[in-house]
Amino acid sequence: MDIIVCAKNVPDVAEADLNISDKGTDIDKEDLVFGINDWDNYAIEEAVLLKEKYGGTVTAITVGNEDDEEVLRRCLAMGADRAIRIEADDISRFDSFVISKILSRVVKDLQFDLIFTGVLAEDDYYGMVGMMMAEELNINHANMITALEIEDGKARTTSELEGGLGEVSLIELPALLTIQTGINEPRYVSILGIRKAAKKELKTIELPDLGISDEELSPRTIIEEAFLPPETEGAEILAGDPDKISSDLIEILKKKGVME
Amino acid sequence: MSELFVIVEHRLGEIRDITFEMLWKAGELAETLSSNLTAILIGHEVNSIAEKISDRADKIIIFDDEGLKNFNADIYKEIISRLIEESKPTLTLIGNTSWGMELAPCLSIRAGLPLATDCIDIISKNGNLIAQRQMYSGKIFANVSFAESDGYILTIRSGIFPTDRIGDRQAQIVQKDFPLKDITVKKNFIEFVETAAGDVDITQAELLISVGRGIGEEDNITIVKELAEALNGILSCSRPIVDKNWLPKYLQVGTSGKSVTPKVYIAVGISGAFQHLAGISGAGTVIAINKDPKAPIFRTADYGIVGDLFKIVPVLKDKILEVKKGG
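Definitions and cut-offs
Residues numbered from 1 in each chain as written. Chains lettered and ligands numbered in written order. Predicted model: local features only at pLDDT ≥ 70, side-chain atom pairs only at ≥ 80, totals over all residues. Heavy atoms only, no water. Helix = DSSP H or I, 4+ residues; strand = E, 2+ residues; numbered from the N terminus. Buried < 20%, exposed > 50% of the residue type's maximum accessible area, 1.4 Å probe, protein only. Contact = heavy atoms within 4.5 Å. Areas by Shrake-Rupley, 256 points an atom, 1.4 Å probe, with all protein chains shown as cover. Domains from an automatic or database assignment. Buried area = accessible area lost by both parts, 1.4 Å probe. Salt bridge = Lys/Arg side-chain N within 4 Å of Asp/Glu carboxyl O. Nonpolar A, V, L, I, M, F, W, Y, C, P; charged D, E, K, R; others polar. Pairing = 2+ DSSP bridges. Axes fitted to C-alpha atoms, helices over the stretch in contact; angles between N-to-C directions. Polar contact = N/O pair within 3.5 Å; in protein donor to acceptor, adjacent residues only side chain to side chain. Right-handed = clockwise from strand over helix to strand, strands pointing away. Parallel < 35°, antiparallel > 145°, perpendicular 65-115°, else oblique. Left-handed = near helix turned anticlockwise from the far one by under 90°. Phe/Tyr/Trp six-rings, centres within 6.5 Å; stacked < 30°, edge-to-face > 60°. Lys NZ or Arg CZ within 6 Å of the ring centre and 35° of its normal.

### Quick look at the overall build of chain A
The number of helices and strands found in chain A is six helices and 13 strands. With the C-alpha coordinates aligned to their principal axes, the bounding extent of chain A is approximately 65 × 45 × 40 Å. Expressed as a percentage of its 260 residues, the buried residues of chain A come to 56%. By sequence separation, contacts in chain A at least 24 residues apart represent 71% of the contacts at least 6 residues apart. As presented, chain A carries roughly 11,500 Å² of accessible surface, and 45% of it is formed by carbon and sulfur atoms.

What follows is the structure, encoded as structure tokens:
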């Protein structure tokens, strides 16, 4: 079972105070900590689990600059056999369409039974690279996978639907699956593990060497303006020490009829 | 006259709310763009679904065949791309649902049209189309424009637009056939499975105390559980807690879990991803405790406490027990 996993390095914004960059089309990322996109973390784990069960290889791929190699090193430490980075100093000039073209071009020359991407990227929230690749490569596909088994050379997948429903399908390989969070429990990666994996192959491909036409490298969507959410009335903030806040809250709970 | 397409989403014989929401927005756009509004309905025995939207579109194109009983992105893609080729609609709207997120990117490549996903608004200004969407977990908004094209595909976030009818339309019904035998289906539908069945039904709860990623460790959930017990409320949670296997799926609030309608919803350490907020839109009063003042949950909550949940929750619990004892 040869599996390719596409992964992305993204800034952690969970508790960060975000500012708009000078260009006005993205956030200022200078002070942010980067790491593997949450969905991709589950995708690489799922690939390594399958490899452990059925043998084969796992190849991790990203498009980005040298700093983004961190994400590949993590994949290698988790159990990928090799990694490929397509050199691009500033991927913000590309949209998902261009990224899917680049990735498709690279994986076309590789041997694979499955391609995994995360359902979404935490930064742009587009969630379209995977399925665009599937169409580009003309292979089978399924979305939002929360369970996966291999049966007689086919993939038995459960796709997450809205409202607590799962859709089970049987898909012929090769196939592209977008992996949903919660499908597995991604293993812990230690600094030592990353160091050990430094011996594994990490190849860099220069974008011009791929021979992709300029037309295919021109984005179809352009961010004109990024901005902080418009002000809303928002919540009435209860201030004070925990004691005062608790008393205020209890009054509210009583008033709303959920506490006697 | 230009045309707008809305792809009808339905499941197990029921029309999905996202369809009404898209028709609402498309109806509004059809006025400003002087366009015809066409709903595309693909399925089997779908007349009752067509009836539900007959006063919301100018035309309903129906593909009814037993082979179309279950959603299949490849079949939808073939049918819709052919329709797009024929009618060249300015816009094709698809729900940003699990199915829509599979269909739209494939269709975009197949039809050669630009795609923006998860849109929360569509603005047409001086002939230019702008899609508004969110990035970075809803902490940033972005206006997106497109490379010049005959048409565009947008997927629409659920729960953003009203489900109401807009305008007064009388749909002309057009039945069409598609040579299904031309499509080799390599993905076979097996069955639907309930993934969120369990002992506790959080949809019936009057008071939910919900725990999210901010709790940090599995063992810490105890303090939220104790708060729930002190209040005679029900413990629920957000997605990351279920992803980590700390609580069962049937306690998950949100798009992929349950939509809840308690009188009071207390969100502890939940930042408020839109999938979660969609699940609590029917809650009476929302109280949020979170240390990030920019967390999206504070935009929809009625009351907010910006601070460390580990300092506030235990004190709150003790005080509640004290009040109850005293009362």
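### Section: the domain arrangement of chain B
Residue and element names in this part refer to chain B. Segmenting chain B into domains produces domain 1 (3-182) and domain 2 (202-326). Here the C-alpha centroids of domain 1 and domain 2 sit 35 Å apart. Each side of the interface is counted separately: domain 1 has five residues, and domain 2 has five residues. Contact between domain 1 and domain 2 buries roughly 420 Å² in total, counting both sides, with carbon and sulfur atoms accounting for 62%. For the pair domain 1 and domain 2, the interface holds one salt bridge. Between Lys139 and Asp292 there is a salt bridge, with the nearest N and O atoms lying 2.9 Å from each other. Looking at the side of domain 1 that touches domain 2, its residues break down into one nonpolar, one polar and three charged.

### Focus on the sheet that holds strand β9 (residues 140-146) of chain B
Strand order across the open sheet formed by ten strands is β12(A)-β9(B)-β8(B)-β7(B)-β10(B)-β6(B)-β1(B)-β4(B)-β5(B)-β11(B), with mixed pairing between neighbours. Each edge of the sheet is formed by a strand with only one pairing partner; in this case those strands are β12 (221-227) of chain A together with β11 (172-176) of chain B. Pairwise comparison of adjacent strand axes, ignoring direction, gives a mean angle of 30° for this sheet. In this structure, strand β1 (residues 3-7) of chain B lies alongside strand β4 (residues 36-43) of chain B, joined through five bridges in parallel fashion. If you follow Glu3 of chain B over to β4 of chain B, its bridge partner there is Asn36 of chain B. Along the sheet face, helix α4 (residues 98-111) of chain B touches β6 (91-95), β7 (115-125) and β10 (152-156) of chain B and points at about 150° away from the line of β6 of chain B.

### Points about the interface of chain B and chain A
Every contact between the two is made by 88 residues of chain B and, on the other side, 85 residues of chain A. When chain B packs against chain A, the two sides together hide about 7,700 Å² of surface, and 58% of this comes from carbon and sulfur. When the area that chain B buries against chain A is broken down by residue, the three leading residues are Ile109, Tyr136 and Tyr303 of chain B, summing to 10%. The shortest N-O distance in the salt bridge between Asp17 of chain A and Lys294 of chain B comes to 2.5 Å. Applying the counting criterion to the chain B and chain A interface returns 42 residue pairs in polar contact (both at pLDDT 80 or more). In terms of residue count, the dominant contributor to the side of chain B that touches chain A is α4 of chain B (nine residues). Its residues placed into classes, the side of chain B that touches chain A shows 42 nonpolar, 19 polar and 27 charged. With six bridges connecting them, β12 of chain A and β9 of chain B associate as antiparallel partners.

### Concerning the side chain of Lys317 of chain B
All names here are of chain B. Of note, Lys317 is situated in helix α9 (residues 309-326). Judged by its relative accessible area of 17%, Lys317 is buried. Contacts of Lys317, omitting those with residues within four sequence positions, involve Glu226, Leu227 and Ala230.

### With respect to the pairing of strand β16 (residues 285-290) of chain B
Residue and element names in this part refer to chain B. Burial within β16 is extensive, with six of its six residues counted as buried. Of the two faces of β16, the one carrying Thr285, Ile287 and Ile289 and the one carrying Val286, Ala288 and Asn290 are both buried. Considered for its hand, the β-α-β crossover made up of strand β15 (residues 264-268), helix α7 (residues 274-279) and β16 is right-handed. Bridging between β16 and strand β17 (residues 303-306) involves four bridges; their strand directions are parallel. Looking across to β17, one finds that Ala288 is bridged to Gly304.

### What to know about the packing of helix α3 (residues 96-108) of chain A against helix α4 (residues 129-137) of chain A
Residue and element names in this part refer to chain A. Packing of α3 against α4 brings their axes to within 9 Å, and their N-to-C directions diverge by 50°. Between α3 and α4, the angle is such that the two are oblique. Of the two elements, α3 crosses α4, and the hand of that crossing is right-handed. In this structure, α3 contributes Ser96, Phe97, Ile99, Ser100, Lys101, Leu103, Ser104, Val107 and Lys108 to the contact, and α4 contributes Val129, Met132, Met133, Glu136 and Leu137. Looking at the contact of α3 with α4 residue by residue, the class counts come to eight nonpolar, three polar and three charged.

### So, the packing of aromatic side chains
Residues and elements named next belong to chain B. Taken as a whole and assessed by the stated rule, the structure comprises eight aromatic pairs over all chains. When the centroid spacing of 5.1 Å and the interplanar angle of 50° are considered together, the rings of Phe146 and Tyr152 count as tilted. The exposure classification of Phe146 matches that of Tyr152, with both residues buried. The ring of Phe274 is capped by Arg157, whose NZ or CZ atom sits 3.4 Å from the centre of that ring. For the cation-ring pair, Lys244 lies above Trp246, with the distance from its terminal atom to the ring centre recorded as 5.5 Å.

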